[in-house]
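# Tertiary structure, described
Below are the chains, spelled out letter by letter.
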Amino acid sequence: MSAPSPESRLRPLLPSPVQPADDERFARHGVTLLLKRDDLIHPDLPGNKWRKLAPNLAAAAGRPVLTFGGAYSNHLRATAAAGRLLGFRTIGVVRGDELADRPLNPSLARCAADGMRLHFVDRATYRAKTDPAVLAGLLELYGDCEVVPEGGSNALAARGCAGLGRELRGVADVAAVACGTGGTLAGLAAGLAPGQRALGVPVLRGGFLGEAVRGLQRRAFGGPAGDWWLDERFHFGGYARTTLELHAFAKDFEDRHGLPVERLYVAKMLYALTALAEEGAFPAGTTVAAVITGRPDEEAQSSSR
Ligand SMILES: *Cc1c(COP(=O)(O)O)cnc(C)c1O
């Protein structure tokens, strides 16, 4: 008998639910809004973090997983939680050596409580993390590991996210997702059926995301896959930046639709969709699925309220 896959042992809620959202800002343009609730896939590995990690954990086959992230990385948290739940070692390489001398923030404290070994590096080393010499140094310290890139986005992850696209076949004309590294968009677009389109809303500024998505699709699928585009207007100043207007929008969306709205990614995507609908960017009769890729972190939300 083969060992159960990480997928089956963690009992993810797949396919994730699709819910209609009755919203007059869309309805008055003849647009139907659906919420694709990837945030409900797993309590500790929500959303795209599940879809990206599951194939990487299968490849690791129980070996320790070494990965990378900033001090508030959802990906580090999800990896640490998976290690606790499935019983494998995790090493998190964290950007910022000054953090080593301070009390851990709640996000990193949770990683440590889940058994993740935290390894702090200065910013220059972090930038050079894919350099063979830097990687070799880490593997010398921690032994044989499955190395998963920052944000969990590699070819396996993009293929994992193609499942999201397949779940949306026949469900919507447009599927929208917030983008950090672009791994989720790369897979989503590849999984959709011909005639469906994927919209990516980058939450970082810089305009590098198109190239990142094309690179990931080359490695995962051998070339361009699916019909996708980016709208780069809605980063609200960049990663982890928010504005009062964005918070007010998110709070209002929560009140209208009764779902918690994560502020750093999901709120920006929902704001973008609402703006596009109001600009008349979607022809009447269009059905748009907003992919809810994660949910708010309790500590982060309460401190920002
Ligand atoms: C990590 C994350 C994303 C970004 O996914 P990428 O594949 O890196 O583009 C989007 N939404 C949420 C809630 C996330 O945690």
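Residues numbered from 1 in each chain as written. Predicted model: local features only at pLDDT ≥ 70, side-chain atom pairs only at ≥ 80, totals over all residues. Heavy atoms only, no water.

### Let's talk about the side chain of Thr184
Worth spelling out the cut-off: Working definition: helices are DSSP H or I runs of at least four residues, strands are E runs of at least two. Numbering for both runs from the N terminus. A simple rule labels every residue: compare its accessible area, found with a 1.4 Å probe on the protein chains alone, to the largest value its type can have, and call it buried under 20%, exposed over 50%, or partly exposed in between. Contacts are residue-level and defined by heavy atoms, with any inter-residue pair within 4.5 Å sufficient.
Its place among the elements puts Thr184 in helix H9 (residues 183-191). The class for Thr184 is buried, based on a relative accessible area of 4%. Each residue touching Thr184, except ones within four places of it in the same chain, is listed here: Asn48, Lys52, Cys161, Leu164 and Val177.

### Observations concerning the packing of helix H8 (residues 155-167) against helix H10 (residues 209-221)
Here is the rule we go by: Here, axes are lines fitted to C-alpha atoms. For helices the fit covers the stretch in contact, and angles between N-to-C directions go from 0 to 180 degrees. When describing relative orientation, an angle under 35 degrees is termed roughly parallel and one over 145 degrees roughly antiparallel, while 65 to 115 degrees is termed roughly perpendicular and anything else oblique. When residue character is reported, Ala, Val, Leu, Ile, Met, Phe, Trp, Tyr, Cys and Pro are called nonpolar, Asp, Glu, Lys and Arg charged, and the others, Gly included, polar.
Two elements in contact, H8 and H10, have axes whose closest approach is 8 Å; the angle formed by their N-to-C orientations is 85 degrees. Accordingly, the angle class assigned to the pair H8 and H10 is roughly perpendicular. Along its contact with H8, which presents Ala155, Ala158, Arg159 and Ala162, the element H10 presents Leu216, Arg219, Ala220 and Phe221. Split into classes, the residues belonging to the contact of H8 with H10 amount to 6 nonpolar, no polar and 2 charged.

### A look at the domain arrangement of the chain
The cut-off we apply is this: Annotation comment: domain bounds sourced from an automatic or database domain assignment. Between Lys or Arg on one side and Asp or Glu on the other, a salt bridge is scored when a side-chain nitrogen of the former is within 4 Å of a carboxyl oxygen of the latter.
Domain boundaries in the chain define domain 1 (6-44 + 154-304) and domain 2 (64-144). Summarising the inter-unit geometry, the C-alpha centres of domain 1 and domain 2 are found 26 Å apart. Listed as interface residues are 9 residues of domain 1 and, on the opposing side, 9 residues of domain 2. Notably, a salt bridge pairs Asp44 with Arg84, separated by 3.7 Å at the nearest N-O pair. For the side of domain 1 that touches domain 2, the elements supplying multiple residues, two or more each, are helix H1 (6-9) and helix H13 (298-304).

### Some remarks on the site of the ligand
Applicable threshold: Proximity is defined per residue: any heavy atom of the residue falling within 4 Å of a molecule or strand makes that residue near it. N or O atoms within 3.5 Å of each other form a polar contact, as long as, within protein, one can give a hydrogen and the other can take it, and as long as residues adjacent in sequence are counted only when both atoms are side-chain atoms. Only the protein chains shown count as cover for residues, and all accessible areas are computed by the Shrake-Rupley method using a 1.4 Å probe.
The full set close to the ligand counts 16 residues, and Lys49, Lys52, Thr181, Thr184 and Thr293 are the nearest of them. Between the ligand and Thr184 there is a distance of 2.7 Å, counted from an oxygen atom to a side-chain nitrogen or oxygen. In isolation the ligand exposes 390 Å². Once the protein is present, 96% of that is buried. Looking at the shell around the ligand, the elements with two or more residues in it are helix H3 (47-60), strand S7 (174-179) and H9. At 3 residues, the largest contribution of residues to the shell around the ligand is made by H3. Looking at the shell around the ligand residue by residue, the classes come out as 3 nonpolar, 10 polar and 3 charged.

### Topic: helix H5 (residues 106-113)
What counts is decided by this rule: This arc describes the spread of directions from the helix axis toward the C-beta atoms.
Buried within H5 we find Ser107, Leu108 and Cys111. The arc enclosing the buried residues of H5, seen along the axis, measures out at 90 degrees, which places them on a common side. For H5, the N-terminal cap is Asn105; the gap from its side-chain oxygen to the backbone nitrogen of Ser107 is 2.8 Å. Gly115 sits one or two positions beyond H5 and adopts a positive phi of about 95 degrees.

### A few points about the nonpolar core
Note the following rule: The term nonpolar core refers to a set of buried residues drawn from Ala, Val, Leu, Ile, Met, Phe, Trp, Tyr and Cys, joined through side-chain atoms within 4.5 Å.
With 34 residues, the main nonpolar core has Phe253, Val261, Met269, Leu270, Leu273 and Phe282 as its most contacted residues. Mapped by element, the contributors of at least two residues to this core are strand S2 (32-36), S7, strand S8 (197-202), helix H11 (244-257), helix H12 (266-278) and strand S10 (287-291). Among the elements that take part in this core, H12 stands out by supplying 10 residues, more than any other. By size, the runner-up hydrophobic cluster in this structure holds 22 residues, among which are Ala158, Leu164, Ala289 and Val291.

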